[in-house]
Amino acid sequence: MAATVRAALYLRVSTGRQADSDLSIPDQRRQAKGYCASRGWEIVADYVEPGASATDDRRPEFQRMIDAATTKPPAFDVVLVHSFSRFFRDQFQLEFYVRRLAKNGVRLVSITQELGDDPMSNMIRQIMALFDEYQSKENAKHTLRAMKENARQGFWNGALPPIGYRIVEAAEQRGHRTKKTLEIDPIQAETVRLIFRLAREGNGSSGPMGVKSIAKHLNESGIRTRDGGRWGVDAVHKVLTRTTYIGRHRFNTKYWKTRVRKPEAEVVEMAVPTIIDSAEFESVQAQLKTRSPAMTAPRVVSGPTLLTGICFCAGCGGAMTLRTGKSGRYRYYTCCTKARQGETGCNGRTVPMEKLDSVVAEHIEHRLLQSKRLEHILSRVLDRREERAKRRTAHIAELRKRAAEAEAKLKRLYDAIENGIADVSDPMLKERVTELRAVRDQARADAERAEGTLDRLGPSITPQALKTFASQARRRMRTEGGGYRRDHLRALAQRIEVDAKEVRIMGSKSVLLRTLVAAESAKTAGFGVPSSVPKWRARRDSNSRPSESKSDALSS
């Protein structure tokens, strides 16, 4: 008497949505049971793959079935599928696994595409697999085209939105589907703004912060990611480089299988609400670029020379590098292009290091560090600071309101339970209570964090504060030996350009303000080497030419 054939059913649909609402899997199972009953086969296993593509083998149930089929002896004799496309939509992979099963005595059988084991049947199966693969790629192409058009029209295609946004239903509905768009999540958007602010200005007691420092600051401050996790370098970098926050979400940037970037012609930009303004975003991108080890050598930050990394030749834009003479007795700043190529490359200057250091430091001491001058330079920045404080105050009020609304809804639910209107054992009720508690607690925590950020803005800047800061800064720039403190100078100047007759000194208003606030708060200011665009020497009338004596000092 022949042994009963043992069959394993493999049932699959392509998407999670189909698994939840489609009748395909129950119908596949019904037909498979009928097929086995008509042949007297015994069903010994049932593998269901809800929402997995058949274009690759990264399917948990599929791999579990293959493991059971390739053990010795195999757990079953036949793998039964509705059609070969349920098993694979890739001709090469289909044949690979068919042969792997056959080596262990297991056959692949299709209910709707019955074939034998002869060479003709094998050829027909391979042709069918080629058509399935072609159809899969065509479907993917048309689906992607529709999704790209959907993005162009400003609608969200699905997946988890970037932090700072949430998905809402749009007013437009096409067919039985309601379109989705993104709106700003007021709670998480504040975290995004904080990350950009830390990158651009620091936390009030430090210079502009790098990606790693920002992640550390967020974690130490108890600020968590959207899912409650801790921040890492990659997550912070993605926030700082994502154009979504300036209103331009990029869709279709990578191939989903290989994660290789697609050509720019394939990328679609979707309009979304703006969280960060473009000027701030570009400033941070420039700063990230200068911090990259590939762009800026570590010696620029750690070198002992006063102007290393911020001093440039006005003629060619090349860095002014240190050169020595007489076995190190004499030290000069020299245009690197001229040093390498001679005067054919650039006519740049060679300036004694001590003279250039003195010219720059004395000019900052006597011209920039005057209270009236500081007030004129920082007037617009102080206005923006006030506007930011007002915006944060409004945001705190919105968070408090959101927490109060959640608390009121919870109270109404509790009253309904006490009065017997609501059933305490109802799972939907429990879920709603949990949700409202989470919203209330998160809003309260974010409001407290926002208030702490508001406090860290520091005291108001008065004329007396400017006068005190100018006096202290002039004193602190000098070392006990009469030299200059490198970090203190770089808080006031971030680029020095040396021309034939003048030296141009440029700096960032935001760094200057941060230093002022830190000093006013009686904290030790940390100093970075930012590359912000707003400069306190923006025009000729903002900072006049060096005096004749300073010009002569360079030419002597």
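Because the structure is predicted, anything quoted here is derived from the model rather than measured.

Enquirer: Even after reading the chapter, I still don't get the overall build of the protein, so can you show me in this structure?
Expert: Across its full length, the protein carries 19 helices and 14 strands. Each of the 556 residues in the protein was classed as buried or not, and the buried ones make up 43%. Residue pairs at least 24 apart in sequence account for 67% of intrachain contacts in the protein once pairs closer than 6 positions are excluded. When the accessible surface of the protein is summed, it comes to about 30100 Å², and 52% of that surface belongs to carbon and sulfur atoms.

Enquirer: Honestly, the sheet that holds strand E14 (residues 503–506) in this entry has me stumped. Any pointers?
Expert: Strands in a sheet are paired, the pairing made by backbone hydrogen bonds, and the direction either parallel or antiparallel. Taken in spatial order, the 3 strands of this open sheet run E9-E13-E14, and their pairing is mixed. Each end of this open sheet is capped by a strand with a single partner; those strands are strand E9 (311–313) and E14. Sheet twist, expressed as the mean angle between neighbouring strand axes with direction ignored, is 20°. Where strand E13 (residues 495–498) lies against E14, 4 bridges are found, and the strand directions are antiparallel. Bridge pairing in E14 links glutamate 497 to arginine 504. Across the sheet, helix H13 (residues 353–368) is in contact with E9, E13 and E14; its angle to E14 comes to roughly 50°.

Enquirer: Whenever I open this one, the side chain of aspartate 446 confuses me. Can you help?
Expert: Along the polypeptide, aspartate 446 turns up in helix H15 (residues 427–455). Discounting chain neighbours no more than four positions away, the residues touching aspartate 446 are Ile187 and Leu399.

Enquirer: What is the right way to look at the pattern of salt bridges in this model?
Expert: Side-chain pairing between opposite charges can occur once the charged atoms of the two side chains come close. This model, assessed by the stated rule, comprises 25 salt bridges. Residues glutamate 114 and arginine 39 are paired through a salt bridge, measuring 3.2 Å at the closest nitrogen-oxygen approach. You can see glutamate 114 sitting in the loop between strand E4 (107–110) and helix H6 (119–152) and its partner arginine 39 sitting in helix H2 (residues 24–39), a full 75 residues away along the chain. Arginine 39 gets classed as partly exposed once you look at its relative accessible area, which sits at 37%. Note that glutamate 435 and arginine 432 form a salt bridge whose closest N and O atoms lie 3.4 Å from each other.

Enquirer: Help me understand the nonpolar core, please; the structure alone is not making it clear to me.
Expert: Proteins that are soluble and globular tend to have nonpolar side chains buried together. Counting residues in hydrophobic clusters, the biggest one holds 33 residues, and the most contacted among them are Phe196, Ile214, Leu218, Trp231, Val236, Leu240 and Tyr245. Those elements that place two or more of their residues in this core are helix H7 (186–200), helix H8 (211–220), helix H9 (233–241), strand E8 (268–271) and helix H10 (278–291). Examining the composition of this core, we find that 7 residues originate from one element, H7, more than from any other. Phenylalanine 196 has contacts with Val239, Leu240, Tyr245, Ile276, Glu280, Phe281 and Val284, leaving out every residue within four places of it along the chain.

Enquirer: How should the sheet that holds E4 be read in this particular structure?
Expert: Judged by pairing direction, the sheet is parallel, and its 4 strands sit side by side in the order E2-E1-E3-E4 without closing on themselves. One side of each edge strand has no neighbouring strand; the edge strands of this open sheet are strand E2 (42–50) and E4. Here the average twist between neighbouring strands, direction ignored, is 25°. Against the sheet, H2 makes contact with strand E1 (6–13), E2, strand E3 (78–81) and E4, and its axis sits at roughly 160° relative to E1, the strand it touches most.

Enquirer: Mind showing me how you'd approach a nonpolar patch on the surface here?
Expert: Taken together, the side chains of Leu115, Met120, Met123, Ile124, Ile127 and Phe131 present a nonpolar region at the surface, about 540 Å² in accessible area. By the secondary structure assignment, methionine 120 is in helix H6.

Enquirer: How do you make sense of the side chain of arginine 125 when you look at a structure like this?
Expert: Tracing the backbone shows arginine 125 in helix H6. A polar side-chain atom of arginine 125 sits 3.1 Å from a polar atom in the side chain of glutamate 95. If sequence neighbours within four positions are ignored, arginine 125 has contacts with Phe84, Leu94, Glu95, Val98 and Leu115.

Enquirer: Could you clarify how one ought to interpret unusual backbone geometry in this entry?
Expert: Trans is the common state for peptide bonds, and a negative phi is the common state for residues other than glycine. The linkage connecting lysine 72 with the following residue, proline 73, adopts the cis geometry, with an omega of -5°. With respect to the helices and strands, proline 73 occurs in the loop between helix H3 (60–70) and E3. Look at asparagine 252: it is not a glycine, yet its phi comes out positive at around 70°. Within the secondary structure, asparagine 252 is located in the loop between strand E7 (248–251) and E8.

Enquirer: Hey, could you run me through the environment of histidine 142 in this one?
Expert: Mapped onto the elements of the fold, histidine 142 is located in helix H6. Within the structure, the side chain of histidine 142 is placed 3.4 Å from the side chain of arginine 145, a separation counted as a polar contact.

Enquirer: When you look at H13 in this model, what are you seeing that I'm missing?
Expert: Structurally, the α-helix is built with 3.6 residues per turn, so residues lying three or four positions apart point the same way. In this model, H13 (16 residues) spans 22 Å end to end at C-alpha, consistent with the 22 Å of a helix rising 1.5 Å per residue. Among the residues of H13, those classed as buried are Met353, Leu356, Asp357, Val359, Val360, Ala361, His363, Ile364, Glu365 and Leu368.

Enquirer: What exactly am I supposed to notice about the packing of aromatic side chains here?
Expert: For any pair of aromatic rings, geometry is given as the distance between the ring centres together with the angle between the planes. Within this structure, the stated rule accounts for 13 aromatic pairs. Aromatic pair tyrosine 35 and tryptophan 41: ring centres 5.7 Å apart, planes at 70°, arrangement edge-to-face. Per residue, the accessibility class of tyrosine 35 equals that of tryptophan 41, and both read buried. Relative to tyrosine 245, the ring of tyrosine 165 has its centre 5.9 Å away and its plane inclined at 15°; by these criteria the two rings are stacked.

Enquirer: Just to check I follow, could you spell out the packing of H3 against helix H5 (residues 91–103) for this structure?
Expert: Where H3 contacts H5, the two axes come as close as 9 Å, and the packing angle between them is 30°. The angle between H3 and H5 places the two elements in the roughly parallel class. For H3 against H5, the interelement crossing comes out left-handed. Taking contact as the criterion, the partners of Phe62, Gln63, Ile66, Ala69 and Thr70 in H3 are, on H5, Tyr97, Arg100 and Leu101.

Enquirer: Teacher, can you tell me more about the pairing of E13 here?
Expert: Looking along a regular strand, one sees the side chains alternate between the two faces of the sheet. With 3 bridges connecting them, E9 and E13 associate as parallel partners. Of the residues in E13, the one forming a bridge with cysteine 313 is valine 498.

Enquirer: Explain the state of the cysteines to me, please; I cannot follow it from the model alone.
Expert: In protein structure, a disulfide is the covalent linkage between the sulfur atoms of two cysteines. Applying the stated criterion across every chain yields a total of 0 disulfides. Among the cysteines around cysteine 313, which has no disulfide bond, cysteine 346 carries the closest sulfur, lying 3.7 Å off.

Enquirer: When you look at the packing of H5 against H6 in this model, what are you seeing that I'm missing?
Expert: Relative placement of two packed helices is described by the angle separating their axes and the distance separating the axes. H6 packs onto H5 with a crossing angle of 140° between their chain directions and a minimal axis gap of 8 Å. Judged by the inter-axis angle, H5 sits oblique to H6. Residues Gln91, Leu94, Glu95, Val98 and Arg99 of H5 form the contact with H6, whose participating residues are Arg125, Gln126, Ala129, Leu130 and Glu133. Class assignment for the residues of the contact of H5 with H6 results in 4 nonpolar, 2 polar and 4 charged.

So, how was this worked out
- Residues numbered from 1 in each chain as written.
- Predicted model: local features only at pLDDT ≥ 70, side-chain atom pairs only at ≥ 80, totals over all residues.
- Heavy atoms only, no water.
- Helix = DSSP H or I, 4+ residues; strand = E, 2+ residues; numbered from the N terminus.
- Buried < 20%, exposed > 50% of the residue type's maximum accessible area, 1.4 Å probe, protein only.
- Contact = heavy atoms within 4.5 Å.
- Areas by Shrake-Rupley, 256 points an atom, 1.4 Å probe, with all protein chains shown as cover.
- Pairing = 2+ DSSP bridges.
- Axes fitted to C-alpha atoms, helices over the stretch in contact; angles between N-to-C directions.
- Salt bridge = Lys/Arg side-chain N within 4 Å of Asp/Glu carboxyl O.
- Core = buried A, V, L, I, M, F, W, Y, C linked by side-chain atoms within 4.5 Å.
- Patch = residues over 30% accessible without salt bridge, like charges linked within 9 Å, V, L, I, M, F, W, Y side chains within 5 Å.
- Polar contact = N/O pair within 3.5 Å; in protein donor to acceptor, adjacent residues only side chain to side chain.
- Expected span 1.5 Å × (residues − 1).
- Phe/Tyr/Trp six-rings, centres within 6.5 Å; stacked < 30°, edge-to-face > 60°.
- Parallel < 35°, antiparallel > 145°, perpendicular 65-115°, else oblique.
- Left-handed = near helix turned anticlockwise from the far one by under 90°.
- Disulfide = S-S within 2.5 Å.
- Nonpolar A, V, L, I, M, F, W, Y, C, P; charged D, E, K, R; others polar.

The quantities given are spatial measurements derived from coordinates; they are silent on function.
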